[in-house]
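Tertiary structure, described
The lines below spell out each chain.
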Amino acid sequence: MGFKMKGWSCIIALVASLVYLSWDNSDLANLANARVLVTGASTGIGEEMAYQYARAGAELVLTARREHVLQKVKTRCLELGAKNVYVVPTDMGLHMAREQVVAEAISVLGGLDYLVLNHIGWTPFQMWNGDVNHTQSLMEVNFISYIHLTSAALPYLTLSNGSIIVLSSLTAKYPIPYTTSYAATKFALEGFFGSLRHELAMQNSPVSITICVLGLIDTESAMMKIKDKISMPAYPAGDAALAVVLAGASRQREMYYPWYVGPLCLMREWFPQSRDWMIQRIYHISSQKEKATD
């Protein structure tokens, strides 16, 4: 096993180097005056993406639930060079809110070039406890609202040859412990937007879809959830945001961050037993026992 793991480490490192060399920051120049709607923009990766678009001189509509936090992000975006910034505080769990967000974005921006789908509902990091209602409500926020927003924005993105950027997760590729409901929503996103990409191509639509597959990122919420439960490095939210923005600007089909995510996705079907062994080894046994008794 040790020899096999060492060999795969070399392969992963090589692929990672090629991925980083392929990044081209010149694509940011194409975002000047771009009209961008970012959901979940008050904290974490969404906040960092807003700053990246602002540095490029884009015009932004930012949405999340907490208006006072959005206003702080707006102020910072303007300081960084955003052309204009508008905030639309709303709850993506509400059906009517989704069409209203898109309608307001079109009204203030005069159109739309990028729809960046990033928001997620809260979910505990624990073993499945049989709460079907929670899974249903999470699916509404993490999945159905993405479809609703896409449906409302698609006519405008078609007019602008625009792009849809979907924030996904390694949990959509690898089923891992403590993420049953969350992983289900991400698997659903991969299926829907992968299929939609085919259909848009078959209709000669100019709209691109970029699915961004992210590993563990050092957002405050993620770090609080995994504390004392998992042993693996977390990577900077700012770097993840830059990778997402660049991938969307270059209209990539899929983007993987950090470096190990792409190779892991390639490996996932090759050695399923080794894969499961590695996954289970990064979780602390004490936490498993603790959650099993909840």
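A short tour of the structure in this document, coming up.

The rules behind each value
Here the residue index of a chain counts from 1 through its sequence in written order. Selection of residues for local features in this predicted model requires a pLDDT of at least 70, selection of side-chain atom pairs for listing and counting requires 80 or more, and totals for whole chains, interfaces and linings are taken over all residues. The side-chain figures draw on all heavy atoms in the structure; neither hydrogens nor water molecules are used. Within this scheme, the nonpolar core is defined by two criteria: the residues are buried Ala, Val, Leu, Ile, Met, Phe, Trp, Tyr or Cys, and they are joined through side-chain atoms within 4.5 Å. Working definition: with a 1.4 Å probe on protein chains only, accessible area under 20% of the residue-type maximum means buried, over 50% means exposed, and in between means partly exposed. Note on conventions: DSSP H or I runs of at least 4 residues are helices, E runs of at least 2 residues are strands, and numbering of each starts at the N terminus. Should any heavy atoms of two residues lie within 4.5 Å, those residues are considered in contact. Between Lys or Arg on one side and Asp or Glu on the other, a salt bridge is scored when a side-chain nitrogen of the former is within 4 Å of a carboxyl oxygen of the latter.

What follows concerns the nonpolar core. Within the largest apolar cluster, 81 residues are counted, with the highest numbers of intra-cluster contacts made by Met49, Tyr53, Leu60, Leu62, Cys77 and Phe193. Ranked by residues supplied to this core, first place goes to helix H8 (residues 237-249) with 10 residues. Contact partners of leucine 60, with chain neighbours within four places excluded, come to Val36, Val38, Ala50, Tyr53, Ala54, Cys77, Ala82, Asn84, Val85, Tyr86 and Leu109.

It is worth spelling out unusual backbone geometry at this point. The amide bond that connects tyrosine 257 to the next residue, proline 258, takes the cis arrangement and shows omega of 0 degrees. With respect to the secondary-structure elements, proline 258 resides in the loop between strand S7 (254-257) and helix H9 (261-267). Of note, the phi angle at asparagine 33 is positive, near 70 degrees, even though the residue is not glycine. Positionally, asparagine 33 belongs in the loop between helix H1 (2-22) and strand S1 (35-39). With a phi close to 60 degrees, asparagine 204 is a non-glycine residue in the positive phi region.

What follows concerns the pattern of salt bridges. Between side chains of opposite charge, a pair can form as their charged atoms come close. Within this structure, the stated rule accounts for 5 salt bridges. Here aspartate 113 ties to arginine 35 by a salt bridge, and the two come within 3.0 Å at their closest N and O atoms. Of this pair, aspartate 113 sits in the loop between helix H4 (95-109) and strand S4 (114-117) while arginine 35 sits in strand S1, and the two are 78 residues apart along the sequence. Under the relative-accessibility criterion, aspartate 113 is labelled buried at 15%. With a closest N to O distance of 3.2 Å, glutamate 190 and lysine 173 form a salt bridge. Of this pair, glutamate 190 sits in helix H6 (residues 180-202) while lysine 173 is found in the loop between strand S5 (163-169) and H6, placing the two residues 17 residues apart along the sequence. Accessibility expressed as a relative area gives 11% for lysine 173, which makes it buried.

Shape descriptors only; they carry no functional weight alone.
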